[in-house]
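# Observations on chain architecture
Here's the letter readout for the chains.
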Amino acid sequence: MRLHNWAEDFSAGRADAACGLFSKDLVSDIQGQGEAGYETRCKLISKVMHDPARKFRYAADVKEVIVEGDLAVVRLQWTLTISPGDETSTESGLDVFRKEADGVWRIVRFMAFENP
């Protein structure tokens, strides 16, 4: 699944591959970061990936997938581990994928909120 590949790309620091999951039409909303489009979200991802003091690793736990035509909705939980210290946090998310003109499914909308 593309979300698991995204986690691998993110954890390995492959910013271009990680951003390839997102549509250029992306609208995203992350708790504490607010709303952002493709360019802003990818710049933030790249910045985090290249932080020399910390390493970030994501893992996805897909809870549900609903597909209808050229749209798919994925309900999931992300676990983020930050090293050093192996600090972890979990975020619940909802991703909306669209099959784009090139036949590739990409995220056009997503929301993520940290779990208490």
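Scroll up for the structure.
For the structure given in this document, a descriptive report is provided here. Keep in mind it's a predicted model, so treat the numbers as computed, not measured.

## Let's talk about the sheet that holds strand E4 (residues 71-83)
Read across the sheet, six strands follow the order E2-E1-E6-E5-E4-E3 without closing on themselves; strand pairing throughout is mixed. Only two strands of the sheet have a single partner each, and these edge strands are strand E2 (34-37) and strand E3 (55-68). On average, each strand axis in the sheet is inclined to that of its neighbour by 20°, with strand direction left out of account. Relative to E2, strand E1 (residues 22-30) runs antiparallel, the two being bridged by four bridges. By the bridge assignment, Ser-28 is partnered in E2 with Ala-36. Here helix H1 (residues 2-12) sits on the sheet and contacts E1, E3, E4, strand E5 (87-99) and strand E6 (105-114); the angle it forms with E3, its principal contact strand, is near 165°. Here helix H3 (residues 38-49) sits on the sheet and contacts E1, E2, E3 and E6; the angle it forms with E1, its principal contact strand, is near 70°.

## Regarding the packing of aromatic side chains
Taken as a whole and judged by the stated rule, the model has six aromatic pairs. Judged by centre distance (5.5 Å) and plane angle (55°), the ring pair of Trp-6 and Tyr-58 falls under tilted. One end of the pair, Trp-6, is in helix H1; the other, Tyr-58, is in strand E3, and 52 residues separate them in sequence. Owing to a relative accessible area of 9%, Trp-6 belongs among the buried residues under this scheme. Owing to a relative accessible area of 19%, Tyr-58 belongs among the buried residues under this scheme. With a centroid separation of 4.9 Å and 70° between ring planes, the pair formed by Phe-10 and Tyr-58 is classed as edge-to-face.

## Details of the environment of Val-74
Residue placement: Val-74 occurs in strand E4. Sequence spacing of Val-74 and Asp-29 is 45 residues, and the spatial spacing of their C-alpha atoms is 15 Å.

## Details of a nonpolar patch on the surface
Together, Ile-66, Val-73, Leu-94, Met-111 and Phe-113 line one region of the surface with nonpolar side chains, adding up to about 390 Å² of accessible area. Mapped onto the elements of the fold, Phe-113 is located in strand E6.

## Section: the pairing of E1
Judged from the five bridges that link them, E1 and E6 form a sheet pairing that is parallel. From the neighbouring strand, Phe-22 faces E6, where its bridge partner is Ile-107. Between E1 and E2, which pair antiparallel in sequence order, lie three residues; one of them, Gly-32, sits at a positive phi of approximately 90°.

Cut-offs and rules
- Residues numbered from 1 in each chain as written.
- Predicted model: local features only at pLDDT ≥ 70, side-chain atom pairs only at ≥ 80, totals over all residues.
- Heavy atoms only, no water.
- Pairing = 2+ DSSP bridges.
- Helix = DSSP H or I, 4+ residues; strand = E, 2+ residues; numbered from the N terminus.
- Axes fitted to C-alpha atoms, helices over the stretch in contact; angles between N-to-C directions.
- Contact = heavy atoms within 4.5 Å.
- Phe/Tyr/Trp six-rings, centres within 6.5 Å; stacked < 30°, edge-to-face > 60°.
- Buried < 20%, exposed > 50% of the residue type's maximum accessible area, 1.4 Å probe, protein only.
- Patch = residues over 30% accessible without salt bridge, like charges linked within 9 Å, V, L, I, M, F, W, Y side chains within 5 Å.
- Areas by Shrake-Rupley, 256 points an atom, 1.4 Å probe, with all protein chains shown as cover.
- Salt bridge = Lys/Arg side-chain N within 4 Å of Asp/Glu carboxyl O.

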